[in-house]
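Residue strings, one per chain:
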Amino acid sequence: MVLDFRVVGSNNPNILNVQGMDYDSHGRTCVHEVGHYLGLRHIWGDGGGIFGGSSCSVDDGMEDTPNQGEQTGFSCNKTRNTCTDVSNDLPDMLENYMDYSDESCQNIFTEDQVSHMRKVLENQRKGLIESQVNTSEINNYSFIKVSPNPGMGEFTIHYTSDSRVLLYTVYDISGKLLISANPENDKQFKVFVSPGIYYINIIDVKGISTSTRFISY
Ligand SMILES: [Zn+2]
């Protein structure tokens, strides 16, 4: 599975284009897709198909989501009600991550969805919990050594590859570019940042790109 950092988060620069229409994307596609990965169906139950048709007879299997006949079509209309139910008739839950509503109005999974995802995580996807990532092993593969890490504002960056540095960039945790430079001493240089979590990326003259995270208190 591949996830490009340029499409994640509300400040991502990429417009979501669906069937020739542009939408403001808040970079939450992955939230929806991980919902599927952890066993959730679309909130309208897919009875009428993914994009067209309508069916109130097919359910998403969750007790606490209202009956919904079709996807919301990237709108934010909170009064929309595609299924009229005899008891407990509620409008469509376009706030749900498993709808195709405008991402600016999505903000929930229901309690049933959460407990279903937890069950799937602990059974069908339990490899995610059991596999331990050895971070020291990852750091050994990187050509970038940051010291000290964590540190306090001033960091020495050491590029351990035998290739020369072409460009280094520093991003904050939200993906905002803070520094972009070509260091004079290409094996070792300093960066200065305020408290936070950062990523430094180095591209060398061979075109190899490496990234490492560092933390400033
Ligand atoms: Zn989906």
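What this report covers is the structure whose coordinates are included nearby. This is a predicted model, so every value here is computed, not measured. (Residues numbered from 1 in each chain as written. Predicted model: local features only at pLDDT ≥ 70, side-chain atom pairs only at ≥ 80, totals over all residues. Heavy atoms only, no water.)

Within the protein, the zinc ion binds to H32 (NE2), H36 (NE2) and H42 (NE2); these donor distances fall in the range 2.0 to 2.1 Å. Every donor residue of the zinc ion comes from the same chain, spaced as H-x3-H-x5-H. Of this pair, H32 and H36 both sit in helix α1 (residues 29–37), 4 residues apart, roughly one helical turn. Overall, the relative accessible area of 7% leaves H32 in the buried class. You can call H36 partly exposed: its relative accessible area is 27%. (Donors = N, O, S within 2.8 Å, 3.2 Å for Na, K, Ca; no water. Helix = DSSP H or I, 4+ residues; strand = E, 2+ residues; numbered from the N terminus. Buried < 20%, exposed > 50% of the residue type's maximum accessible area, 1.4 Å probe, protein only.)

With respect to the element layout, R6 can be found in the segment before β1 (16–18). Ignoring sequence-local partners within four residues, the contact set of R6 consists of N12, P13 and N14. (Contact = heavy atoms within 4.5 Å.)

A separate point is helix α2 (residues 111–122). End to end, α2 covers 17 Å across 12 residues, agreeing with the expected 16 Å (1.5 Å per residue, within 8%). Those residues of α2 that are buried lie in contact with α1. (Expected span 1.5 Å × (residues − 1).)

To continue, consider the nonpolar core. Judged by nonpolar contacts, the single largest core of 15 residues is most densely connected at I157, V191, I200, I202 and F214. Among the secondary structure elements, those contributing two or more residues to this core are β3 (144–147), β4 (154–159), β5 (165–172), β7 (188–192) and β8 (196–204). In terms of nonpolar packing, the next biggest core, distinct from the first, is built from 12 residues, Y23, W44, M93 and Y100 among them. (Core = buried A, V, L, I, M, F, W, Y, C linked by side-chain atoms within 4.5 Å.)

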